[in-house]
Amino acid sequence: MAAEAAGIHIALAPYVLGEVAGLPITATLLTSWVVVGLLTLWAVLFYRSLKLVPGRGQVLVESTIGFAYDYTKEVLEDDKLARRYFPIIMSIFVFIMAANLFGLLPFVGGAVGIYEAGHDKLIPLFYPVNTDINMTLAMAIVAVLVIEFAGITALGALKYAGKFVNFHSVIGFFVGIIELVSEVARLVTFSFRLFGNIFAGKVLILVALYFLPYLLPVPLLVYEVFVGIIQGAVFALLTLFFIKIAVTEPH
Amino acid sequence: MGDLIHTFGVDWKLIIAQAINFAIVVVVLGYFVFGPVMRLLKERADKIAEGLSAAEAARKDRETLAGERQSVLQEAHHNAETIVARAQDDGKNERATIVKLAQDRAEALLRDAQLEAEEQKRAALKASEAEIARTAILAAEKILRSNV
């Protein structure tokens, strides 16, 4: 469903650039690969420059990781659990934030693309990763799988299932059903929260660019930087809190 | 539902591809960033703890040494005082002895001098007695010669 109105082209579905062995290569997937590549490059460079007596950049990364780890430990109230889930939670934050910030760069979006002869329009080569529901859904599925895994390994499959299905009392039974529904609803809330925020931001900037290309987008871009970081943090924090709920004994 | 999936362009292959991307990020960040940083933080915390305990030990050592030095100094002071006191006593005794010795010798000298003086006086007396006798004899002889 493409909403086309006087130069602004907005589609909910990702732009398909081509297809390789049955896998559609979308602009968002390509951007995602670039983000993963850049993150990998950065990680390797960071790893090779690690020193016991740190420089300024290393201090920033270290204190961020140290702070996040301490917070994770504080929430989970368990050192072993924190050590196990911290890399995933932190990676969620870093990946989503990096993807969002990369999506604000000038060549991501409409400017650089493939000119499709038949349709007479430019298909962008790069597009903000989280404007693609496939990406946010993938992250949501991973997060929910991690949460369920955490619950099952911490409590055992039977006890964990007992949180959702129990026949102790009528109220308990319905509470269990509600818990089960909310568990599944997380998939939707996780994926659509991120998708909605970033997609809306992209649309907002596109519209602003269309109406007032020189000044208006600046504060909006600043705001989107903020939103990009916050959404990464929200996704990671919610995963952390749901893990905590999952590993807590039912009562 | 099918329409919804089509509208949003949901494709399980893309979902899997993105999940793989995320898995790569987790592995890469875990291996190159989180793991090493956590190890480094721990290593540094250990180093700091080590340094602090070393500093504490050094401080204790210093305190012990200071205490030792204090006691050594005190002892030295005490010894010095004793030595000085003894030396003073010794000096006093020595002086008394020397003074006494000097007095004795002076007395002896005086006595010798008196004795010698008396001897000389006596000798002088004896000598003058003999002179007087000779003079008297000479005078008697002269008188006798002139009368005869």
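Here, every reference points to the structure presented above.
Now for a quick tour of the structure. Not measured: the values here are computed from a predicted model.

As for the overall build of chain B
Summing up its helical and strand segments, chain B has two helices and zero strands in all. On C-alpha atoms alone, chain B measures out to a radius of gyration of 61 Å, which is more than a quarter above the 15 Å that the 2.2 N^0.38 rule sets for 148 residues. Structurally, chain B occupies a C-alpha span of about 205 × 25 × 20 Å along its principal axes. For chain B, the residues scored as buried account for 14% of the 148 residues in total. A total accessible area of about 12000 Å² is found for chain B, and carbon and sulfur atoms account for 63% of it. Charged side chains in chain B number 21 positive and 23 negative. The centres of these two groups are separated by 4 Å.

Looking at helix H2 (residues 12-147) of chain B
What sets the pattern is the α-helix's 3.6 residues per turn: residues three or four places apart point alike. Residues and elements named next belong to chain B. Compared with the 202 Å implied by 1.5 Å per residue over 136 residues, the 194 Å span of H2 between its first and last C-alpha is a close match. Maximal helix bending in H2 amounts to about 50°, located at glycine 30. The backbone nitrogen of lysine 13 has a side-chain oxygen 3.0 Å away, supplied by the residue at the start of H2, namely aspartate 11.

What to know about the nonpolar core
By size, the foremost hydrophobic cluster in this structure holds 62 residues, and its most contacted members are Phe95(A), Phe190(A), Phe235(A), Ile243(A) and Val33(B). When contributions to this core are tallied by element, the ones reaching two or more residues are helix H1 (27-48), helix H2 (56-76), helix H3 (79-102), helix H4 (133-155), helix H6 (170-211) and helix H7 (217-247) of chain A together with H2 of chain B. When residues in this core are grouped by element, the largest group, 15 residues, is from H3(A). Among residues more than four places away in sequence, those in contact with Val33(B) are Trp42(A), Ala43(A), Phe46(A), Val61(A), Ile65(A) and Val28(B). The next biggest cluster of nonpolar side chains, apart from the first, holds five residues, and it includes Leu23(A), Ile25(A), Leu29(A) and Leu14(B).

Digging into the side chain of Thr239(A)
Residues and elements named next belong to chain A. Within the element layout of this structure, threonine 239 appears in helix H7. A residue is classified by how much of its surface remains accessible, and threonine 239, at 0% relative accessible area, is buried. Setting aside residues up to four positions removed in sequence, threonine 239 forms contacts with Ile92, Ala143, Ile147 and Phe190.

A short note on the pairing of strand E3 (residues 16-20) of chain A
Residue and element names in this part refer to chain A. As defined by bridge partners, E3 adjoins strand E4 (residues 23-26) across four bridges and the pair is classed as antiparallel. Within the sheet, the bridge partner assigned to valine 20 lies in E4 and is leucine 23. The hairpin formed by E3 and E4 contains two residues between the paired strands, and alanine 21 there has a positive phi angle of roughly 50°.

With respect to the environment of Val36(A)
Tracing the sequence through the fold places Val36(A) in helix H1. Residue Val36(A) is classed as buried on the basis of its relative accessible area of 6%. Val36(A) sits 137 residues away from Phe173(A) along the chain, and the two C-alpha atoms are 44 Å apart. In this view, Val36(A) contacts Phe95(A), Asn21(B), Ile24(B) and Val25(B); residues no more than four positions away in its chain are not counted.

Things to note about the environment of Val181(A)
Looking at where Val181(A) falls in the secondary structure, it is placed in helix H6. A relative accessible area of 53% means that Val181(A) is categorised as exposed.

Rules behind the numbers
- Each chain carries its own residue numbering, running from 1 in the written order of its sequence.
- Labels follow written order: the first chain is A, the first ligand is 1, and so on.
- Local features in this predicted model are restricted to residues whose pLDDT is 70 or higher, and side-chain atom pairs enter the listing and the counts only when it is 80 or higher, whereas totals over whole chains, interfaces and linings include all residues.
- Note: side-chain values were computed over all heavy atoms of the structure, leaving out hydrogens and water.
- Numbering of helices and strands starts at the N terminus; helices are DSSP runs of H or I of at least 4 residues and strands are runs of E of at least 2.
- Note that the radius of gyration is over C-alpha atoms, with the globule rule given as 2.2 Å times the number of residues to the power 0.38.
- When a residue's accessible area, from a 1.4 Å probe over protein chains only, is under 20% of the maximum for its type it is buried; when over 50% it is exposed; and in between it is partly exposed.
- Values of accessible area rely on a 1.4 Å probe in the Shrake-Rupley scheme; residue burial ignores everything except the protein chains shown.
- This count recognises Lys and Arg as positive and Asp and Glu as negative, with His and chain-terminal groups excluded.
- A charged residue contributes its charge at one atom only: NZ of Lys, CZ of Arg, CG of Asp or CD of Glu.
- Expected helix span is computed as 1.5 Å times (number of residues minus one).
- Two axes enter the bend calculation: one fitted to the seven residues ending at the residue in question, the other to the seven starting there, and the bend is the angle between them.
- Polar contacts here mean pairs of N or O atoms no more than 3.5 Å apart (in protein, one a potential hydrogen donor and the other a potential acceptor; neighbouring residues in sequence count only if both atoms are side-chain atoms).
- For the purposes of this section, nonpolar cores are sets of buried Ala, Val, Leu, Ile, Met, Phe, Trp, Tyr and Cys residues that join through side-chain atoms within 4.5 Å.
- Residue contacts are counted whenever heavy atoms from the two residues lie within 4.5 Å of one another.
- Two strands pair if DSSP finds at least two bridges between them.

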